[in-house]
Structures are given as structure tokens and as C-alpha cells.
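The residues making up each chain are set out below.
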Amino acid sequence: MTIDSGTTAPAGLAVRRLGQHIGAEVRGLDLSGPLDPATVARVRELLHEHKALVFKDAGVTTDEEQARFAAHFGPLTAAHPTVRFTGQSSLNVLPVDSESSVANKWHTDVTFVLNPPQLSTLRAVVLPDYGGETLIANAAAAYAGLPEELRRFADTLWAVHSNDSDYVRPDRVTSDAERSYQEQFVSSAFRTAHPVVRVHPLSGERGLFIGAFAQRLRILGVTAEESLDILRILQRHVTRPEHVVRVAWEPGQLVLFDNRITQHYAIDNYDRSPRKLNRITVAGDVPAAVDGRRSYALEGDASDYSPVVEV
């Protein structure tokens, strides 16, 4: 599949770049209803260019509207492979709620399954009086910024990702709700081998495909100590400030980011005041390495969580 660069911008659409490597603010689109194919193509085009889009005044106020918007880009996943929530209006919605969890580890969503989501949407529902921003990093810019010798080395590496990871081990546990969330997160075991450098199926860009779900295990073929050192070096490149956009949440705001070529981090700087974002993700393909080999599952079957999308 190729990217159509000849799409026409919808009338009234305004795009403002937020950084050299990542992020754009989009105004003038009502995302609450159906979108025509040209608009969807234009949003996809902007996403390939900027990796993360912040939609202002998008008109999305319900889970149903958020799901409708996300579904323009492919079939939706379930909320999560292991965590279940009651009282949600849709099985596709994962509440990212300060009452039960914080996501203050750099990660790409659900990389412990065979085909992680291609896209993630986040919608502001309840916001603290201060803090609670989300950082999003461009993993393609990180790869491109590596010395050539290190890029060649990274191209050959594979890492094991697991849901039993640093992501689910916060620095402090403050409530029974957090403890329950952690227990559910690891209630079924998932381990998947992914290439450290993933080729984006649409743009052809190469990006570092690592993050918190890869940190506790290892790169295949090296010792645990060597693996930790290699991952630290590569991860530092992903999270360099130049590669990161900081999203300050506002009421009515919706963020769309490419989960295949970014990492993100929720800043824990709001004194654990009520903070809730609703996440809906779009099903993805099986990652491919530079040599064309595909990721493979070592443990766990996520077919109930997400269909595999062929690109």
C-alpha cells in the first residue's frame, strides 16, 4: 500500500506543526460524525508526516463518537488483552484512569502481543487542575539519528516483549484499585519476539521498536547484562527532547498517534488528582524487520483481543 500524497485538504482545515520531528495541532475538523474518504486520507497523510496529531475542538464527546472516528482507519481492538473494566459503554474503550493506573513508563501500546495496535486515540474525559501531560516520541527520528554503525547493528536485533514488565511495576502503589489493575495486567502471560528495528508498512520508515515491555527480558542472542546496556543506549535516543512532543490536555481534546513508530509517557505530576483519558485502538499488522522477517509469538494468544490487519 502507498500513501496518497495528492489528497485535498478539507475546507477549513488548519494544521500547525508542534515540533521539527513530531506533532501537529489540527483545527477545523468535526470528528463526531462520519468522515468522507478524502478527509480520512488527509488525516492519514498528516499522521505519517507528524506521527502524532492533536485535534482541537473536534466535537468528540462520547465513546461512540471516538470509536466511530477510530474505525475510519481499520477494525478496532478490544480494550485490552487482559484488563477488564465494568461500566464501560463499549468493549473497545480502555479508561486510562489515575484511580487504577499510571502510564509513566516509556512504551508503545500492547507490544507484548503478535500484532500491536497500528493507531491509538486518546480523549480527555477528566483532567487535573495541573499536570498530567502526555509525552510522545518519534522512534523513526531516533533511528535516523543513530550513528550508521549502530543503525546496522540495531537492524539485526530482536527483543522479547512481555506484559510482565516494568510498565506494570509503578514506583509506588497507592490503592487497592492499582493493585487490582496490576494483577489483571499479568493474569495471562504474553511474550512476543519483535524486531528492534521495525519497518513501517505504509511509509517504509525504520523506527526503534522497543520500550518498557521489552525492558525486563532481553535481546535475543546476547546476555542479560549486554541486553540491558544495548536497550538503554537505544532507548535514550528515542526519548531525546528533540524527538518528543509534550501534549498539554484540554477539555474536548483528542489525540491520534501512530503506535507503530512512536512511544509515549504519561507524566505523573498531578498529585494523583482525578485524571481520566479514554483510549480506543485500531488493530494492526504483524511487525516486519529490515530483512522482511515477521514477529512471532512465544506465549499467549491475543486473537480475541485484535484481528490481524494485512497491509
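Residues numbered from 1 in each chain as written. Predicted model: local features only at pLDDT ≥ 70, side-chain atom pairs only at ≥ 80, totals over all residues. Heavy atoms only, no water.

For the protein chain, an unreviewed UniProt entry supplies the name TauD/TfdA family dioxygenase and the organism Rothia santali. According to UniProt, the comment filed for the protein chain under the heading Cofactor (unreviewed entry) is "Fe(2+)". Taken from UniProt, the Sequence similarities (unreviewed entry) comment for the protein chain reads in full: "Belongs to the TfdA dioxygenase family." (UniProt positions renumbered as here; feature names shortened; annotations may be inferred.)

*Asks:* Summarise the pattern of salt bridges; cite the residues concerned and give the values.
*Replies:* In this structure the tally under the stated criterion is 20 salt bridges. Across the pair Glu-49 and Arg-17 runs a salt bridge, and its minimum N-O distance is 3.2 Å. Linking Glu-49 in helix H1 (residues 37-50) with Arg-17 in strand E1 (residues 14-17), this pair joins segments that are 32 residues apart in sequence. The partly exposed category is assigned to Glu-49, whose relative accessible area is 41%. Given a relative accessible area of 43%, Arg-17 falls into the partly exposed group. Taking the shortest distance from any N to any O, the salt bridge between Arg-232 and Asp-229 comes out at 4.0 Å. (Salt bridge = Lys/Arg side-chain N within 4 Å of Asp/Glu carboxyl O. Helix = DSSP H or I, 4+ residues; strand = E, 2+ residues; numbered from the N terminus. Buried < 20%, exposed > 50% of the residue type's maximum accessible area, 1.4 Å probe, protein only.)

*Asks:* Outline the sheet that holds strand E2 (residues 24-27), listing residues and values.
*Replies:* The strands making up a sheet associate through hydrogen bonds between their backbones, and the pairing can be parallel or antiparallel. Here we have seven strands laid out as an open sheet, ordered E1-E2-E3-E12-E5-E14-E4, and mixed in their pairing. Both edges of this open sheet fall to E1 and strand E4 (94-97), since each of them pairs with a single strand only. For this sheet the average axis-to-axis angle between neighbouring strands, irrespective of direction, equals 25°. Of the pairings in the sheet, the one linking strand E5 (residues 119-126) to strand E14 (residues 276-282) comprises seven bridges and is antiparallel in character. Paired with Leu-122 across the bridge in E14 is Arg-279. Together, E1, E2, strand E3 (52-55), E5 and strand E12 (254-258) form the strand contacts of H1, whose direction differs from that of E3 by roughly 125°. (Pairing = 2+ DSSP bridges. Axes fitted to C-alpha atoms, helices over the stretch in contact; angles between N-to-C directions. Contact = heavy atoms within 4.5 Å.)

*Asks:* Outline the nonpolar core, supporting the account with residue identities and numerical values.
*Replies:* Counting 25 residues, the largest nonpolar core has Leu-31, Leu-53, Phe-55, Phe-69, Phe-73 and Leu-256 as the members making the most contacts within it. Elements that contribute at least two residues to this core include exactly E2, H1, E3, helix H2 (63-71), E12 and E14. The leading source of residues in this core is H1, at four residues. With residues near it in sequence (within four places) discarded, Phe-73 still touches Val-40, Val-43, Arg-44, Gln-118, Leu-119, Leu-256 and Val-282. (Core = buried A, V, L, I, M, F, W, Y, C linked by side-chain atoms within 4.5 Å.)

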